[in-house]
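# Close look at the chain arrangement
Take a look at the letters that make up each chain.
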Amino acid sequence: MLYTPHFLTGAAILKLFPDPKIGLPLAFLSHFILDLTPHNDFDLKPGITLREFFTFPKKRLYFILSVMGVDYLLTIFSFLWILINFQNHWLLTGGAVGVLPDMAEQFLMFFGIALPGWQDKLQWRVSAKYGFISYPIVSMIAL
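Criteria and cut-off values
- Residues numbered from 1 in each chain as written.
- Predicted model: local features only at pLDDT ≥ 70, side-chain atom pairs only at ≥ 80, totals over all residues.
- Heavy atoms only, no water.
- Helix = DSSP H or I, 4+ residues; strand = E, 2+ residues; numbered from the N terminus.
- Rg over C-alpha atoms; globule rule 2.2 N^0.38 Å.
- Buried < 20%, exposed > 50% of the residue type's maximum accessible area, 1.4 Å probe, protein only.
- Expected span 1.5 Å × (residues − 1).
- Axes fitted to C-alpha atoms, helices over the stretch in contact; angles between N-to-C directions.
- Parallel < 35°, antiparallel > 145°, perpendicular 65-115°, else oblique.
- Left-handed = near helix turned anticlockwise from the far one by under 90°.
- Contact = heavy atoms within 4.5 Å.

The next point concerns the overall build of the protein chain. Helix and strand counts for the protein chain come out as seven helices and two strands. Seen in sequence order, the protein chain has helices and strands lined up from the N terminus as α-α-β-α-α-α-β-α-α. Over its C-alpha trace the protein chain gives a radius of gyration of 15 Å, about what one expects of a compact globule, namely 15 Å for 143 residues. Along the three orthogonal principal directions, the C-alpha set of the protein chain runs to about 45 × 25 × 25 Å. Expressed as a percentage of its 143 residues, the buried residues of the protein chain come to 40%.

In structure tokens, the structure reads:
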């Protein structure tokens, strides 16, 4: 799943459960629950390396990079929106904890480590035709 729904859900959980001892574990758990919702992960499977990723056909590579770029911008915009409007660092921490499992896996790829499969069994991957529906729905509910 993309970062924005994970981030907004983690932040929303800290809004509902402001005690970090309760809210942060729930935000972390929300990551895995959201991965159980139908979504599209561009058919990126465990074991892929960054080098292999950049050998994808240009059309597919540009599509993935474009969607990821928009997602990163929306996540940054969400971060700034929460920072400016709520001035609550726990909400931001909840959002960060919500994306932490994906960030950890993907960060390893920058060191030449293939994408681990730690979370692979929890993914409910569907075709792109249906898989991009859940992203705006989850994000709007979290907002």
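Anyway, onward from the coordinates.
Bringing helix 2 (residues 20-35) into the picture now. Between the first and last C-alpha of helix 2 there are 22 Å, a value that for 16 residues agrees with the 22 Å anticipated at 1.5 Å per step. Every buried residue belonging to helix 2 is among Gly23, Leu24, Ala27, Ser30, His31, Leu34 and Asp35, and all of these are buried.

Here the focus is the packing of helix 1 (residues 3-16) against helix 7 (residues 134-142). When two helices pack together, you describe them by how their axes are tilted relative to each other and by the distance separating the axes. At a minimum axis distance of 8 Å, the contact between helix 1 and helix 7 shows a crossing angle of 20°. It follows that helix 1 is roughly parallel to helix 7 by the angle criterion. In this structure, the crossing between helix 1 and helix 7 has a hand that is left-handed. On helix 7, the residues that touch Thr4, Pro5, Leu8, Thr9 and Ala12 of helix 1 are Tyr135, Val138, Ser139 and Ala142.

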